[in-house]
Amino acid sequence: MTKKEFKAESKRLLEMMVNSIYSQREIFLRELISNASDAIDKMYYRALTDDAIAFNQDDFFIRVSADRDARTLTIEDTGIGMNEEELERNLGTIAESGSLAFKKQTETEDGRDIIGQFGVGFYSAFMVADHVTVDTKAAGQTEAFRWESNGTDGYTIEPGSKESTGTTITIKLKENTEDDSYDEFLEEYRLKQIVKKYSDFIRYPIVMNVTVHEPKDEESEETVEKQEEQTINSMVPIWRKDKAELSDEDYENFYHEKHYGFDKPLRHVHIHVDGTIRYSSILYIPETTPFDYYSKEFEKGLELYSSGVLIMEKSPDLLPDYFSFVKGMVDSEDLSLNISREMLQHDRQLKLIAKNIKTKIKKELQSMLKNDREAYETFFESFGRQLKFGVYNNFGQDKEDLQDLLLFTSSNENKLVSLNEYVERMPEEQKYIYYASGDSVSRLEKLPQAELVKDKGFELLYFTEEVDEFAIKMMREFAGKEFKSVSSGDLGLESDEEKKEAEETASEHKELFAAMKEQLGSAVKDVRLSNRLKSHPVCLTAEGEVTIEMEKILAQMPENQGVEADKVLEINHQHDVFASLKQAYEQDDKATFELYTNLLYNQARLIEGLPVEDPVSFTNDVCKIMK
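Note that the coordinates shown come from a computational prediction; the quantities given were computed from them, not determined experimentally.

Draft legend 1. Up close: empty space enclosed by the protein. As enumerated under the stated definition, the model contains 2 cavities of 30 Å³ or more in all. Estimates place the volume of the largest cavity at around 90 Å³. Taken together, A436, S437, L447, E469, S485, V486, S487, A542, T547, I548, E549 and E608 make up the lining of the largest cavity. At the level of secondary structure, the elements contributing two or more residues to the lining of the largest cavity comprise β17 (433–437) and α16 (548–555).

Rendered as structure tokens:
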């Protein structure tokens, strides 16, 4: 027996791999089981061309066993095994992948795929091991060999005594420390948990002795504890089954088994793609919002598998942010993986899958909106805000993907309507899509600024979420129709004759409005005659891109920079209050005129949900009126 050193740079690579590449120690079991599955696959491929080898799938398995007293964990397979040269080549040089080389030599149309293409998976064992022993015997060979290593110090290869074909890896676990307990990898429940998490869909049985309780005898209720070998993986993943074999209940059970959520999903999408890139996927649209969904702690992403082996619990690159509510998984044989299964290259294949998934999600949501309105409105109540944010985010570059999916409350029915539905029923003479913004539908229904729009019989959209108006500003128009706030300057509702009449009336009272503007100073940009008010005496409107509602929302943000709307105070000259205001101005009753001006301005602020700037002065003004 000769002690050998790892080849060039291997010591350093091993140290890096153990300490840096893998984020969790438990990954080692996934890697060793994947290598064992590869070894059985290789036996299958050999059998295709070698008549001397019979492949009966029932004879092939992977066994996991723990010895608490010896503090060892053993992974045994009945695969192809290795001869001395293969041991030297595959385990003597870190980052040499026998599986990858084998895959290149044996491209078949069978659909099987070699999992362990990544080169360093075996060495993950040293994250938990002080010593690793590999006993192996290659198929068709009479000699067995043993490989042993304590890690970076090197390794030995010597003749072994293994009688059956295959490989047995025995891990001597490290001693526990104050910070780390390695005993967990000897616990039955923990080993089952790791296998279920990462290797549940390996195509061969993973067997392990598990504790069962059986009646002591037929007459006694007492039970005895015994060990029984059981298969602990399911082997055939649901996504590889034919859709016709599966029921809605099967999909729901998978949703809950994978802990995607406690709710019942509204829809599922089962995808099989076998083209430029091959992959399978099951996607779910949840019913309810996760408790942390709208927080920084929420992590989006789909589970990502390679040939049935879990690579990432959440791969964020598979979902755009605006579809981050989608749960599910993707399994592909074509992904490029680098060094370890946890380090995914951002390559063309991944982008193609993500693009396809985005399209599938949108089609499913469109189908819900068209064919199952109740379910879609349930979904939208939970996640509509995310779609609206997607319209606003990234300077509106995704608005075309999302605008058809948006819903808003309508003034006509007090129900949710889509933008398509709104536009389809617009009267021919209506120029704009009209909306009103505020914190509740009940407040918007009473908004003075909406009186003229409603009087014309035009439908209003009520925007009650903070993101609504920001999203619409980013869209600017829909189906060729521009969005128009009822609080904006010109509503485009007056005829030429009405405009002319309004200009003449405004001209008559321009000195009165100028006096009000002088008194209010910078609080308003202007004071004008209102053409939109019918029964109310006063209102505030805004000019420019920033509306009053946007000002309120921006003021609540931590990085508030004092952005304000250019406010205009509009006065209804047909209201009785205006007659009193006019009388005070014409009689040069400055005190009363100032009193009325202040009251009207503060009244307009209150209607808009803005705070009164000087509450004490305002209450004093009210008291003066009461006297």
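So, next bit.
Draft legend 2. Molecular detail of the layout of surface pockets. Estimates place the volume of the largest pocket at around 970 Å³. Lining of the largest pocket is provided by 38 residues; of these, Y255, K258, H259, Y260 and E303 occupy positions nearest its centre. Only α5 (188–198), α6 (248–257), β12 (302–306), β13 (309–315) and β14 (327–332) provide two or more residues apiece to the lining of the largest pocket. Among the elements that line the lining of the largest pocket, the one with the most residues is α6, at 5 residues. Residues that form the lining of the largest pocket fall into these classes: 15 nonpolar, 9 polar and 14 charged.

Draft legend 3. Region of the structure containing the nonpolar core. One finds F323, L365, Y376, F379 and L387 to be the most contacted residues of the largest nonpolar core, which totals 65 residues. Within the second largest apolar cluster, 64 residues are counted, among which are I40, Y155, I171 and Y251.

Draft legend 4. Spatial organisation of helix α8 (residues 373–392). Helix length check: α8 (20 residues) gives 25 Å between terminal C-alpha atoms against 28 Å at 1.5 Å per residue, more than 12% under. At F383, α8 shows its maximal bend, which comes to roughly 65°. All of the buried residues along α8 are A375, Y376, F379, F380, S382, F383, G384, Q386, L387, K388, G390 and V391.

Draft legend 5. Looking closely at the sheet that holds strand β15 (residues 407–410). Strands sit in the order β16-β15-β18-β17-β20-β19 across an open sheet of 6 strands; the sheet is mixed. Every other strand in the sheet has two partners, leaving β16 (416–418) and β19 (477–478) as the edge strands with one partner each. Pairing analysis gives 3 bridges linking β17 to strand β20 (residues 481–485), with the strands arranged parallel. Bridging from a neighbouring strand, Y434 pairs with K484 of β20. Contacts from α8 reach β15 and β16, with the element oriented near 110° to β15.

Draft legend 6. Looking closely at the pattern of salt bridges. By the definition in use, this model includes 43 salt bridges. R63 serves as the salt-bridge partner of E76, at 3.3 Å between the closest nitrogen and oxygen. Here the residue E76 occupies a position in strand β3 (residues 72–77), and R63 occupies one in strand β2 (residues 62–67), the gap between them amounting to 13 residues. Of the residues examined, R63 reaches a relative accessible area of 24% and is grouped as partly exposed. Where D183 meets R71, a salt bridge forms, and the shortest distance between an N and an O atom there is 2.7 Å. Separated by 112 residues along the polypeptide, D183 in the loop between β7 (166–173) and α5 and R71 in the loop between β2 and β3 bring together distant segments of the chain.

Draft legend 7. Molecular detail of the sheet that holds β13. Sheet architecture is open: 5 strands sit in the order β10-β11-β14-β12-β13, paired in mixed fashion. In this open sheet, the two strands that pair with only one neighbour each are β10 (267–274) and β13. The average angle at which neighbouring strand axes cross in this sheet is 15°, direction not considered. Two elements, β12 and β14, share 3 bridges in a ladder whose sense is parallel. Paired with Y305 across the two strands is D331, which belongs to β14. Relative to the sheet, α6 contacts β10, β11 (278–285) and β14, its axis offset from that of β11 by approximately 85°. Helix α7 (residues 348–371) rests against β10, β11, β12 and β14 of the sheet, and its axis sits at about 35° to β11.

Draft legend 8. The side chain of D621, seen in detail. Relative to the helices and strands, D621 resides in helix α19 (residues 615–626). Of the residues examined, D621 reaches a relative accessible area of 5% and is grouped as buried. Excluding residues within four positions of it along the chain, D621 makes contact with L595, N598 and L599.

Draft legend 9. Geometry of unusual backbone geometry. Look at M235: it is not a glycine, yet its phi comes out positive at around 75°. A relative accessible area of 25% places M235 in the partly exposed class. Unusually for a residue other than glycine, S307 sits at a positive phi of about 55°. Summarising the element assignment, S307 is placed in the loop between β12 and β13. The exposure class assigned to S307 is buried, which follows from its relative accessible area of 4%.

Draft legend 10. Spotlight on the environment of E178. You can see E178 is positioned in the loop between β7 and α5. Taking C-alpha positions, E178 is 69 Å from Y432, a pair spaced 254 residues apart along the chain.

Draft legend 11. Looking closely at the packing of aromatic side chains. Enumeration according to the criterion identifies 31 aromatic pairs in this entry. An angle of 40° between the planes, with centres 4.7 Å apart, marks the rings of F408 and F463 as tilted. Of the two residues, F408 sits in strand β15 while F463 sits in strand β18 (residues 460–463), which places them 55 residues apart along the sequence. Of the two residues, F408 and F463, neither departs from the other in class, the shared state being buried. Through a chain of ring-to-ring contacts, three or more aromatic side chains come together here, namely Y293, Y294, F298, Y322, F323, F325, Y376, F379, F380 and F383. Sitting over the ring of F298, K314 keeps its end group 5.9 Å from the ring centre.

Draft legend 12. Looking closely at α16. For α16, the tally of buried residues reaches 6 of 8 residues, placing the bulk of the element in the interior. By the burial criterion, the buried members of α16 are I548, E549, M550, E551, K552 and I553. Each element contacted by the buried residues of α16 is listed here: β17, α11 (441–444), α13 (468–475), β22 (538–543) and β23 (566–571).

Draft legend 13. Examining a negative patch on the surface more closely. On the surface, a cluster of negative charge is made up of E497, E498, E501, E503, E504 and E508. You can see E498 is positioned in helix α14 (residues 496–508).

Thresholds, definitions, all that
Residues take numbers from 1 onward in each chain, read along the sequence in its written order. Where local features are concerned, this predicted model is filtered to residues with pLDDT of at least 70; where side-chain atom pairs are given and counted, the filter is 80 or more; whole-chain, interface and lining totals use all residues. Hydrogens are left out, water is left out, and the side-chain values use all remaining heavy atoms of the structure. Whether a set of points on the 1 Å grid over the protein atoms alone is a cavity depends on a 1.4 Å probe fitting there but being unable to get out, while an open set qualifies as a pocket with protein on both sides within 12 Å along at least five of seven lines; lining residues are those with an atom within 4 Å of a point. Grid points are joined across faces, edges and corners, and a volume is the space filled by probe spheres set on the points. Secondary structure elements follow DSSP: runs of H or I of four or more residues count as helices, runs of E of two or more count as strands, with numbering from the N terminus. Classes in brief: Ala, Val, Leu, Ile, Met, Phe, Trp, Tyr, Cys and Pro nonpolar; Asp, Glu, Lys and Arg charged; the others, Gly included, polar. Here, nonpolar core means buried Ala, Val, Leu, Ile, Met, Phe, Trp, Tyr and Cys residues that are tied together by side-chain atoms lying within 4.5 Å of each other. Each residue gets one of three labels from its accessible area relative to the maximum for its type: buried under 20%, exposed over 50%, partly exposed in between, using a 1.4 Å probe on protein chains only. Multiplying one less than the number of residues by 1.5 Å gives the expected span of a helix. To get the bend at any residue, fit one axis to the seven residues that end at it and another to the seven that begin at it, then take the angle between the two axes. Whether two strands pair comes down to DSSP finding at least two bridges between them. Whether two residues are in contact is decided by their heavy atoms: any pair within 4.5 Å suffices. Lines fitted to C-alpha atoms define the axes, with helix axes restricted to the stretch in contact, and inter-axis angles between N-to-C directions lie between 0 and 180 degrees. Salt bridges, as used here, are contacts in which a Lys or Arg side-chain nitrogen is within 4 Å of a carboxyl oxygen on Asp or Glu. Under the pairing criterion, centres of Phe, Tyr and Trp rings, with the six-membered ring standing for Trp, must be within 6.5 Å; the plane angle then separates stacked pairs below 30 degrees from edge-to-face pairs above 60, leaving the rest tilted. Think of it as a cone above the ring: NZ of Lys or CZ of Arg counts as a charge over the ring if it is within 6 Å of the ring centre and within 35 degrees of the ring normal. A patch consists of residues exposed above 30% relative accessible area that lack any salt bridge, with like charges linked at up to 9 Å and nonpolar side chains (Val, Leu, Ile, Met, Phe, Trp, Tyr) linked at up to 5 Å. For accessible areas, the Shrake-Rupley method is used with a probe of radius 1.4 Å. Any residue's cover is judged against the shown protein chains and nothing else. We count Lys and Arg on the positive side and Asp and Glu on the negative side, and we leave His and both chain ends out. Where a charge lies is defined by one atom per residue type, namely NZ (Lys), CZ (Arg), CG (Asp) and CD (Glu).

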